[in-house]
Amino acid sequence: MKADLIAAASEVISRRVRQLSLGHRPMVEYAPGLREADIALTEIANRKLTFESTFGQNGTAEVPAQVVLFPGVTSRKNAKKAA
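Note that the coordinates shown come from a computational prediction; the quantities given were computed from them, not determined experimentally.

The next point concerns the overall build of the protein. Secondary structure summary: the protein contains three helices and two strands in total. Out of the 83 residues belonging to the protein, those deemed buried represent 18%. Of all intrachain contacts in the protein linking residues separated by at least 6 positions in sequence, the fraction that spans at least 24 positions is 28%. As presented, the protein carries roughly 6700 Å² of accessible surface, and 54% of it is formed by carbon and sulfur atoms.

In structure tokens form, the structure reads like this:
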């Protein structure tokens with residue numbers, strides 16, 4: 001695995017864990033007793049989350065944010081065109 005993909009996935013998971021800890025609703029059904037990290041991983045496995053680059057938002061560089069899809073995930077725009 002590439003280290004940059006792992007770092008990107010870790011960022012998505014940690015942000016989603018924070019959101020769930022603050023009371024945001026899960027986007028998937030889950031078994032009682034699952035922790036926030038398990039729910040976040042379930043959301044990724046069920047293709048409910050995508051990665052949005054935040055590079056440049058810390059004042060390091062001005063790069064426009066772009067959405068990077070996880071492998072095997074199609075964007076909704078493409079899905080509508082195909083339908």
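Looking now at the confidence of the model for the protein. On average, residues of the protein score 76 in pLDDT, and 58% of them reach the 70 mark or higher. When pLDDT is averaged over each element of the protein, helix α2 (residues 36-45) comes out on top at 90 and helix α3 (residues 76-82) at the bottom at 55.

On to α2, then. Given 3.6 residues to a turn, an α-helix orients residues that are three or four positions apart in the same direction. Of the positions making up α2, those classed as buried are Ile39, Ala40 and Glu43. Down the axis of α2, the buried side of the element spans an arc of 100 degrees, and every buried residue falls inside it. Summarising the contacts, the buried residues of α2 are in contact with α1 (3-21). Where α2 ends, the next residue or the one after it, Arg47, has phi of about 60 degrees, a positive value.

About the criteria used
- Residues numbered from 1 in each chain as written.
- Predicted model: local features only at pLDDT ≥ 70, side-chain atom pairs only at ≥ 80, totals over all residues.
- Heavy atoms only, no water.
- Helix = DSSP H or I, 4+ residues; strand = E, 2+ residues; numbered from the N terminus.
- Buried < 20%, exposed > 50% of the residue type's maximum accessible area, 1.4 Å probe, protein only.
- Contact = heavy atoms within 4.5 Å.
- Areas by Shrake-Rupley, 256 points an atom, 1.4 Å probe, with all protein chains shown as cover.
- pLDDT = per-residue confidence, 0-100.
- Arc of directions from axis to C-beta.

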